[in-house]
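The primary structure of each chain is shown beneath.
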Amino acid sequence: GSEYLKSKVLYENPDVSDNSILVIPTCVDYDKYSAKEHQKDNDEITLGWIGGNQNLNYLDKLIEPLNLLSKDHKIKLVVVAGNDYEHPNARFKIENKQWSLEGEKDLIRSFDIGLMPIEDNAIGRGKCGFKLLQYMGLGVIRIATNVTINGEIITDGENGFLVKSDNSNW
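Not measured: the values here are computed from a predicted model. (Residues numbered from 1 in each chain as written. Predicted model: local features only at pLDDT ≥ 70, side-chain atom pairs only at ≥ 80, totals over all residues. Heavy atoms only, no water.)

Caption draft 1: Quick peek at the overall build of the protein chain. Helix and strand counts for the protein chain come out as 6 helices and 6 strands. In sequence order, the secondary structure elements of the protein chain are arranged as α-β-α-β-β-α-β-α-α-β-α-β. Seen through its C-alpha atoms, the protein chain measures out along the principal axes to roughly 55 × 35 × 30 Å. Within the protein chain, counting contacts between residues at least 6 apart in sequence, those at least 24 apart form 60% of the total. Of the roughly 9700 Å² of accessible surface on the protein chain, a fraction of 49% belongs to carbon and sulfur atoms. Measuring between centres, the 19 positive side-chain charges of the protein chain sit 3 Å from its 26 negative side-chain charges. (Helix = DSSP H or I, 4+ residues; strand = E, 2+ residues; numbered from the N terminus. Contact = heavy atoms within 4.5 Å. Areas by Shrake-Rupley, 256 points an atom, 1.4 Å probe, with all protein chains shown as cover. Lys, Arg positive; Asp, Glu negative; His and termini not counted. Charge placed at Lys NZ, Arg CZ, Asp CG, Glu CD.)

Pasting the structure below:
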């Protein structure tokens, strides 16, 4: 899924040659689905996140930056997962949506901005950017932590926005 994961396989398997491993990036096929149509008539900004329950904790790093944003802008955070996400310090609306394969494309299209916060650690560096590719494939603006593959998928300011992994500019 990424050069980082390939390097881990090579490290753990020194008898395997570099050219015997093919990196196949994560892909999405959204050719038959329409992209989001952005409209300016709504004064509320919908920030969204989609992912597995085990990754809900990544949202914790967004609470304070989103609290700051909510002082000047009407925002809500839509969380699409199997479990609900709540945070006692959030000063903005958090709306939980149940994930389903049939509904995920419409749920993602409901986002104005798709978020992908991750940590700069072994687990975060092993991510393959699927969430970003989903957002991109459906025409949703994206913001992600600049860790490994995210920095390869996004060119900051051109096809999305990257933030530092130390949480200083979320």
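Anyway, onward from the coordinates.
Caption draft 2: Focus on the pairing of strand β5 (residues 141-145). With 4 of 5 residues buried, β5 is to be regarded as a mostly interior element. As defined by bridge partners, strand β4 (residues 113-116) adjoins β5 across 4 bridges and the pair is classed as parallel. Paired with M116 across the strands is A144, a residue of β5. Both β5 and strand β6 (residues 161-163) contribute to a ladder of 3 bridges, which runs parallel. Paired with I143 across the strands is F161, a residue of β6. (Buried < 20%, exposed > 50% of the residue type's maximum accessible area, 1.4 Å probe, protein only. Pairing = 2+ DSSP bridges.)

Caption draft 3: Looking closely at the sheet that holds strand β1 (residues 44-50). The 6 strands are arranged β3-β2-β1-β4-β5-β6 in an open sheet whose pairing can be described as parallel. Every interior strand has two partners, whereas the edge strands, β3 (93-98) and β6, have only one. For this sheet, the mean inter-axis angle between neighbouring strands, taken without regard to orientation, is 25°. In this sheet, β3 lies alongside strand β2 (residues 74-81) in parallel orientation, the contact comprising 6 bridges. Residue pairing across strands places V78 opposite E95, the latter belonging to β3. Running over the sheet, helix α2 (residues 63-72) touches β1 and β2 and is turned about 145° from β2. Against the sheet, helix α5 (residues 130-137) makes contact with β1, β4 and β5, and its axis sits at roughly 135° relative to β1, the strand it touches most. (Axes fitted to C-alpha atoms, helices over the stretch in contact; angles between N-to-C directions.)

Caption draft 4: Spatial organisation of the pattern of salt bridges. For the coordinates displayed, the defined rule picks out 8 salt bridges. Of the charged contacts in the structure, one is a salt bridge between D106 and R109, with a shortest N-O distance of 2.5 Å. In this pair, D106 and R109 are both assigned in helix α3 (residues 104-109), 3 residues apart and thus about one turn of the helix distant. A relative accessible area of 16% places R109 in the buried class. Of the charged contacts in the structure, one is a salt bridge between D120 and R125, with a shortest N-O distance of 2.8 Å. (Salt bridge = Lys/Arg side-chain N within 4 Å of Asp/Glu carboxyl O.)

Caption draft 5: Representation of the environment of V140 within the structure. Mapped onto the elements of the fold, V140 is located in the loop between α5 and β5. Classification of V140 by relative accessible area gives buried; the value is 0%. Separated by 28 residues in the primary sequence, V140 and D112 place their C-alpha atoms 6.1 Å from one another. If near-sequence neighbours (up to four positions away) are discounted, V140 is found in contact with K36, I108, R109, F111, D112, I113, G114 and Y135.

Caption draft 6: A look at the nonpolar core. Formed by 39 residues in total, the largest nonpolar core has its most connected members in V79 and Y135. Among the elements that take part in this core, β2 stands out by supplying 6 residues, more than any other. Those residues within four positions of V79 in sequence are excluded, and the remaining contacts are W49, L56, L59, Y85, I94, E95, N96 and K97. (Core = buried A, V, L, I, M, F, W, Y, C linked by side-chain atoms within 4.5 Å.)

Caption draft 7: Spotlight on the pairing of β4. Alternating residues of β4 divide into I113 and L115 and G114 and M116, and every residue in both groups is buried. Here β1 runs beside β4; their pairing, made up of 2 bridges, is parallel. For G48, the partnering residue across the bridge sits in β4 and is G114.

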